[in-house]
Amino acid sequence: MTEICLKGSTLTQTGQKIRVLAVVEGCEALWFELDKQFQPMIDTESVDAFFILYTWLAMERGLNLRIEGKVSSQLANAVTQDIQKMFLALCPRLHEIDIEVLNPESFWPESAEASATGFSGGVDSWYTALQAADNGTPYAYYLFANTGQHGKDNVEEVFAQRFAVAESALRTMGKPLIAVDSNIDGVFRERFQQRDVIGNIACALLLQQGISRYDYSSSYAPEDLGVFEHYDMSIMDPYLLPLLNTERVRFFSIGDEAGRIEKLEFISSRDLFSNEIYVCIEKAVPIKNCGYCFKCRRTQLALESIDRMTLLKNNFDFDFYKKIRLGSMVGLFSSADKSNLDLEIKSALIKKYGFNIFFVRVFSVLWSLTKKLMPEGVRWRAEQKFPYLW
């Protein structure tokens, strides 16, 4: 087999779940699954959601791609002209392939005039949600996807518990959180962050009969964004997202103008904020903010730097934080030159405490040098035991 051929999709119901399955030859069939109540939003006219995914998958495997199902003309032109080049720049391990689209279509049934965004309960998604509400344009729907972000083990339980955490946090917004499950992570070879955006956008394309705008929360500072080799597709957000537009839905990157401190100050000052935030990358159940991964460390120190101690205490184990606080500062300070997000928080802490954290700054320089000289085996064990130092 020298090509993947995407012929169409089928829709089936099992209990209260609707599954949309790709009809494909040459590789595994991808699928999405969601609650039956959202079936009217599902795009049954095109294979747009699968098209962008099979483009990446075919490039992973070095197979040409043939699309027999109907697809958006706008999306087809972008994929064949620009998006494949962007994928190759981002991940040189991919292969350049031939893409044949047999049924591009420019005229589609009108979709609902509704907007949506993703929501996990984290800083970026909260900022996007509350900013829209502040502007008088609240979202009609929020999406919570499983496209690889919930790990490799016990995925169903982690996905379900994280959904429950996000749904609880979102209750003040008064709109539904739609869980979209998939088998994407079990089929793709590249790790989640390498292709995270297209998995999440595919979930929105799946629902383009019910939405006409989808806002994607940016997690990078403007100076970090671009089209170049990188481990995280999100660095291309403002360049890639407009190219993923179809005749029915448009995509926008939101929040890259604000830093972590500004976002937290904004979130914590809004009446619609439920005071629940979940940022953790750990997958242990029961799901909670672990307090020691790099995202928890960053968020805790940022909250301290702006005196949002109640929010810190409500969402993290504060006694544990007090034990690792200085170590967390040393770890963040030592990595700040690699991350503008960490650098912003480092600057805020220095501004707040001044000479009082002089020794933290000294130790962070020494620790940064130590990490560079540390044998790989020792480094790995230290990272596992004391992740907040890294």
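As the structure is a prediction and not an experimental result, all values here were calculated from the model.

What counts, and at which threshold
Residues numbered from 1 in each chain as written. Predicted model: local features only at pLDDT ≥ 70, side-chain atom pairs only at ≥ 80, totals over all residues. Heavy atoms only, no water. Helix = DSSP H or I, 4+ residues; strand = E, 2+ residues; numbered from the N terminus. Rg over C-alpha atoms; globule rule 2.2 N^0.38 Å. Buried < 20%, exposed > 50% of the residue type's maximum accessible area, 1.4 Å probe, protein only. Contact = heavy atoms within 4.5 Å. Areas by Shrake-Rupley, 256 points an atom, 1.4 Å probe, with all protein chains shown as cover. Pairing = 2+ DSSP bridges. Axes fitted to C-alpha atoms, helices over the stretch in contact; angles between N-to-C directions. Expected span 1.5 Å × (residues − 1). Arc of directions from axis to C-beta. Polar contact = N/O pair within 3.5 Å; in protein donor to acceptor, adjacent residues only side chain to side chain. Salt bridge = Lys/Arg side-chain N within 4 Å of Asp/Glu carboxyl O. Phe/Tyr/Trp six-rings, centres within 6.5 Å; stacked < 30°, edge-to-face > 60°. Patch = residues over 30% accessible without salt bridge, like charges linked within 9 Å, V, L, I, M, F, W, Y side chains within 5 Å. Right-handed = clockwise from strand over helix to strand, strands pointing away. Core = buried A, V, L, I, M, F, W, Y, C linked by side-chain atoms within 4.5 Å. Left-handed = near helix turned anticlockwise from the far one by under 90°. Nonpolar A, V, L, I, M, F, W, Y, C, P; charged D, E, K, R; others polar.

**Q** Would you explain the overall build of the protein chain in this entry?
**A** For the protein chain, the helix and strand inventory stands at 14 helices and 10 strands. Expected size for 390 residues packed as a compact globule is a radius of gyration near 21 Å; at 22 Å, the protein chain falls within 12% of this value. Principal axes of the C-alpha set define a box for the protein chain whose edges measure 65 × 45 × 35 Å. Evaluated residue by residue, the protein chain yields a buried proportion of 55% over its 390 residues. Excluding contacts between residues fewer than 6 apart, the proportion of contacts in the protein chain whose partners are at least 24 apart in sequence is 71%. For the protein chain, the computed accessible surface area is about 17,400 Å², with 50% contributed by carbon and sulfur atoms.

**Q** How should the sheet that holds strand 9 (residues 213-217) be read in this particular structure?
**A** Two pairing modes exist for strands in a sheet, parallel and antiparallel, and in both the strands are linked by backbone hydrogen bonds. Reading across from one edge, 5-4-1-2-3-8-7-6-9-10 is the order of the 10 strands in this open sheet, with mixed pairing throughout. Either end of the sheet is taken by a strand with one partner, and the two such strands are strand 5 (99-105) and strand 10 (250-254). Between one strand axis and the next, the sheet turns by 25° as a mean value, whatever way the strands run. One ladder, built from 3 bridges, connects strand 6 (residues 115-118) with strand 9; its direction is parallel. Bridging across to strand 9, Thr117 finds its partner in Asp215. Set on the sheet, helix 1 (residues 48-61) makes contact with strand 1 (3-14), strand 2 (17-25), strand 3 (31-35), strand 4 (64-72) and strand 5; between it and strand 4 the angle comes to about 165°. Against the sheet, helix 6 (residues 196-206) engages strand 2, strand 3, strand 7 (141-145), strand 8 (177-182), strand 9 and strand 10, with an angle of about 155° to strand 9.

**Q** Looking at this model, I keep getting lost on helix 12 (residues 340-353). Mind explaining?
**A** Here helix 12 contains 14 residues, and its C-alpha end-to-end distance of 20 Å stays within 8% of the 20 Å for a straight helix at 1.5 Å per residue. Within the sequence span of helix 12, burial applies to Leu341, Asp342, Ile345, Ala348 and Leu349. All buried residues of helix 12 project into a common sector of 125° when viewed along the axis, lining one side. Check the buried side of helix 12 and you find it contacts helix 8 (260-268), helix 9 (294-305) and helix 11 (318-335). If you check the start of helix 12, you find a side-chain oxygen 3.3 Å away from the backbone N of Leu341, and it comes from Ser339. One or two steps after helix 12, the chain reaches Gly354, where phi turns positive at roughly 55°.

**Q** Help me understand the pattern of salt bridges in this model?
**A** When charged atoms on two side chains of opposite charge get close, those side chains can pair. Scanning the model with the defined rule gives 21 salt bridges in all. As a salt-bridge pair, Glu28 and Arg61 come within 2.8 Å of each other at their nearest N and O atoms. Note that Glu28 is positioned in the loop between strand 2 and strand 3 and Arg61 in helix 1, a separation of 33 residues in sequence. In this structure, Lys352 and Asp307 form a salt bridge, with 2.5 Å as the shortest nitrogen-oxygen distance. With Lys352 in helix 12 and Asp307 in the loop between helix 9 and helix 10 (309-315), this residue pair connects regions lying 45 residues apart in the sequence.

**Q** In this structure, what is going on with the packing of aromatic side chains? I would like to understand it.
**A** Aromatic rings considered in pairs are described by the distance between their centres and by the relative angle of their planes. Applying the stated criterion across every chain yields a total of 15 aromatic pairs. Seen from their ring centres, Phe119 and Trp126 are 5.1 Å apart, and the 90° between their planes marks the pair as edge-to-face. In this structure Trp126 comes out as buried when scored by relative accessible area, which is 0%. Residues Phe144 and Phe163 carry aromatic rings whose centres are separated by 5.8 Å and whose planes lie at 65° to one another, so their mutual orientation is edge-to-face. Residue Phe144 is found in strand 7, and its partner Phe163 is found in helix 4 (residues 155-169); the two are separated by 19 residues along the sequence. What makes Phe144 buried here is its relative accessible area of 5%. Linked through ring pairs, Phe119, Trp126, Tyr139, Tyr142 and Phe273 together constitute an aromatic cluster.

**Q** Looking at this structure, how should I read a nonpolar patch on the surface?
**A** Together, Phe355, Phe358, Phe359, Val362, Phe363, Val365, Leu366 and Leu369 make up an exposed nonpolar region whose accessible area comes to about 830 Å². On the secondary structure map, Val365 appears in helix 13 (residues 358-373).

**Q** Looking at this model, I keep getting lost on the pairing of strand 7. Mind explaining?
**A** Taken residue by residue, a regular strand's side chains alternate between the two faces of the sheet. With 4 of its 5 residues buried, strand 7 lies for the most part within the structure. Pairing of strand 6 with strand 7 involves 3 bridges; the strand directions are parallel. The residue of strand 7 that forms the bridge with Thr117 is Tyr142. In terms of strand pairing, strand 7 meets strand 8 through 4 bridges, oriented parallel. Among the inter-strand pairings, Phe144 is bridged to a residue of strand 8, identified as Ala179. Once the chain exits strand 7 it traverses helix 4 before rejoining the sheet at strand 8, and the crossover so formed is right-handed.

**Q** Is there a simple way to think about the nonpolar core in this case?
**A** If you look at the biggest cluster of nonpolar residues, it comprises 70 residues, and the most contacted ones within it are Phe32, Ile52, Tyr54 and Phe87. Those residues within four positions of Ile52 in sequence are excluded, and the remaining contacts are Val79, Ile83, Phe87, Ile198, Ala202, Leu205 and Leu244. Counting 57 residues, the second largest nonpolar core, distinct from the first, contains Trp126, Met329, Ala348 and Ile357.

**Q** Just to check I follow, could you spell out the packing of helix 1 against helix 2 (residues 73-90) for this structure?
**A** Helix packing geometry: the angle between the two helix axes and the distance between the axes. Packing of helix 1 against helix 2 brings their axes to within 11 Å, and their N-to-C directions diverge by 35°. The element helix 1 and its partner helix 2 pack so that their crossing is right-handed. Residues Asp48, Phe51, Ile52, Thr55, Trp56 and Met59 of helix 1 lie in contact with helix 2, whose contacting residues are Leu75, Ala76, Val79, Ile83, Gln84, Phe87, Leu88 and Leu90. Taken together, the residues of the contact of helix 1 with helix 2 break down into 11 nonpolar, 2 polar and 1 charged.

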